[in-house]
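# Close look at the chain arrangement
Each chain, letter by letter, is given below.
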Amino acid sequence: MKIIVLGGGPAGVYLAISMKLKNPGHDITVYERNRDDDTFGWGVVFSDQTMENLRVNDPVSAETMISELIHWDDVAVHHKGEVIRSGGHGFIGIGRLRLLQILFERARQLGVIFHFETEFEVADIKGKFADADLIVAADGLNSKIRNHDLKAFDCDIDMRPNKFVWLGTHQRFDDAFTFIFEQTEHGWIWVHAYQFDEKTSTFIVECSTETYESFGFDKMDHEESAETCRRIFEKYLGGHDLMTKSAHIRGSAWINFPRVLCHQWVKDNVVLIGDAAHTAHFSIGSGTKLGFEDA
Ligand SMILES: Cc1cc2nc3c(=O)[nH]c(=O)nc-3n(C[C@H](O)[C@H](O)[C@H](O)COP(=O)(O)OP(=O)(O)OC[C@H]3O[C@@H](n4cnc5c(N)ncnc54)[C@H](O)[C@@H]3O)c2cc1C
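One structure accompanies this document, and this report is about it. (Residues numbered from 1 in each chain as written. Predicted model: local features only at pLDDT ≥ 70, side-chain atom pairs only at ≥ 80, totals over all residues. Heavy atoms only, no water.)

## Some thoughts on the overall build of the protein
Which entries qualify depends on this criterion: Working definition: helices are DSSP H or I runs of at least four residues, strands are E runs of at least two. Numbering for both runs from the N terminus. Our radius of gyration is a C-alpha quantity, and the globule rule it is checked against amounts to 2.2 Å times the number of residues to the power 0.38. Burial classes: relative accessible area under 20% of the type maximum marks a residue as buried, over 50% as exposed, and values in between as partly exposed (1.4 Å probe, protein chains only). For this analysis, residues touch if any pair of their heavy atoms sits within 4.5 Å. Positive residues here are Lys and Arg, negative ones are Asp and Glu, while His and the chain termini are left out of the count. Where a charge sits is defined by one atom per residue type, namely NZ (Lys), CZ (Arg), CG (Asp) or CD (Glu).
For the protein, the count of helices and strands is eight helices and 17 strands. For a compact globule of 295 residues, the expected C-alpha radius of gyration is about 19 Å, and the protein comes in at 20 Å, within 12% of that figure. With respect to the principal axes defined by its C-alpha atoms, the protein has extents near 60 × 40 × 30 Å. When the 295 residues of the protein are sorted by exposure, 51% land in the buried category. In the protein, once contacts between residues fewer than 6 apart in sequence are set aside, the share between residues at least 24 apart is 71%. The centroid of the 30 positive side-chain charges in the protein is displaced by 3 Å from the centroid of its 45 negative side-chain charges.

This is how it looks when you write it as structure tokens:
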């Protein structure tokens, strides 16, 4: 089959790998707007069970991931000066860029062709991809392919009201998936933090729209936002800064989370997978895992 994959995120690249493993004769090309050494976000987590499923599907990429993963077992909730801990959760963390590089390398070994720094358009489906047997739209939560025909994909998008910003820090959060709730003069604001490589942790800050506006985050640039968050959570940061990686987002670095639910994933020879088809809130650390499972 001639397979075109639109979007070189975890779902699209893992689909390409899995199809090649099933039949090396498939002709598979992935189109991705970013470079192969560039992506958005910091690290991601998934469960031990997800890792086990990946190992069954493709032991080669799974073993490379396992050799680099940060592992922890606990969830720790910081609330009103107390830390509530529970064990037995079994999570692993990895940098999003590192994860993608492992997958790119594995896909290339299997003969998948990549076109990086290449933007695709909806018109390409009937244009330059007209001879494809299968087109996989793995183009993420703002999927152009899905948004062009929301009705055909029976898609419901609910833009959630909270604001969040995806930051990084060199403070270590390597013993637990850490949730920190702080009460401030502008209302509650909270963090989801976890280690994803030897030196770096993901640090996602979330709050209500009212709290976001009261702090004036809507008027701050990315650096000011990160510095304000650093001051709010200073006592948890051990003297480390919060780092921003969202220069590509114009205006505020804070965004709303869209809950995407498509009841129909297939239209003609086009199939949606990953965030294009559905999203899972980042607090449950499952979006990447679901993308892999779709693939
Ligand atoms: C703050 C935050 C934290 C998260 N934490 C976790 C976590 O801990 N664990 C977890 O499992 N998940 C997490 N997620 C979710 C996870 O990031 C997504 O679910 C996952 O990336 C989905 O993979 P995907 O391949 O479907 O889409 P994406 O990763 O979004 O990939 C889509 C790709 O398509 C490309 N693309 C889109 N349109 C075009 C175009 N027109 N032309 C060319 N290329 C295009 C994009 O550049 C992108 O590379 C988090 C998400 C957020 C926002």
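## What to know about the packing of aromatic side chains
Let me state the cut-off plainly: Working definition: a ring pair exists when centres of Phe, Tyr or Trp rings (six-membered ring for Trp) sit within 6.5 Å. Plane angles under 30 degrees give stacked, over 60 give edge-to-face, the rest tilted. Placement of a positive charge over a ring is assigned whenever Lys NZ or Arg CZ falls within 6 Å of the ring centre and within 35 degrees of the normal to the ring plane.
Tallied over the entire structure, the rule returns 23 aromatic pairs. Aromatic side chains F164 and F282 sit 4.5 Å apart centroid to centroid with 50° between the ring planes, which places their arrangement in the tilted category. Residue F164 is found in strand β10 (residues 155–169), and its partner F282 is found in the loop between β17 (270–272) and α8 (287–294); the two are separated by 118 residues along the sequence. Here the aromatic rings of F215 and F217 are separated by 5.3 Å at their centres, their planes lie at 35°, and the arrangement is tilted. You can call F215 buried: its relative accessible area is 16%. One aromatic cluster is present, formed by W72, F91, F177, F179 and Y194 through successive ring pairs. The residue whose ring lies beneath R96 is F40, and the NZ or CZ to ring-centre distance is 3.8 Å. Geometry around Y212 places K163 over its ring, the cationic atom sitting 5.0 Å from the centre.

## Regarding the environment of R106
For the record, the criterion: The definition of a polar contact used here is a pair of N or O atoms within 3.5 Å, where within protein one atom must be able to donate a hydrogen and the other to accept one, and adjacent residues in sequence count solely through side-chain atom pairs.
For R106, the position within the fold is in helix α4 (residues 96–109). Here R106 falls in the buried class, since its relative accessible area comes to 11%. When the C-alpha atoms of R106 and S61 are compared, they prove to be 6.4 Å apart, with 45 residues separating the residues in sequence. In this structure R106 touches I17, L21, D58, V60 and S61, once residues within four positions along its chain are discounted. A distance of 3.0 Å separates polar atoms of two side chains, one belonging to R106 and the other to Q109.

## Considerations on the environment of F153
Checked against the element boundaries, F153 lands in the loop between α5 (144–148) and β10. Relative accessible area serves as the criterion here: at 1%, F153 is assigned to the buried category. It is 7.0 Å that separates the C-alpha atoms of F153 and V266, two residues lying 113 residues apart in sequence. Look past the residues within four positions of F153 in its chain and what remains in contact with it is I145, R146, C262, H263, Q264, W265, V266, K267, V270 and L272.

In short, the description is geometric, and any link to function would need to be established separately.
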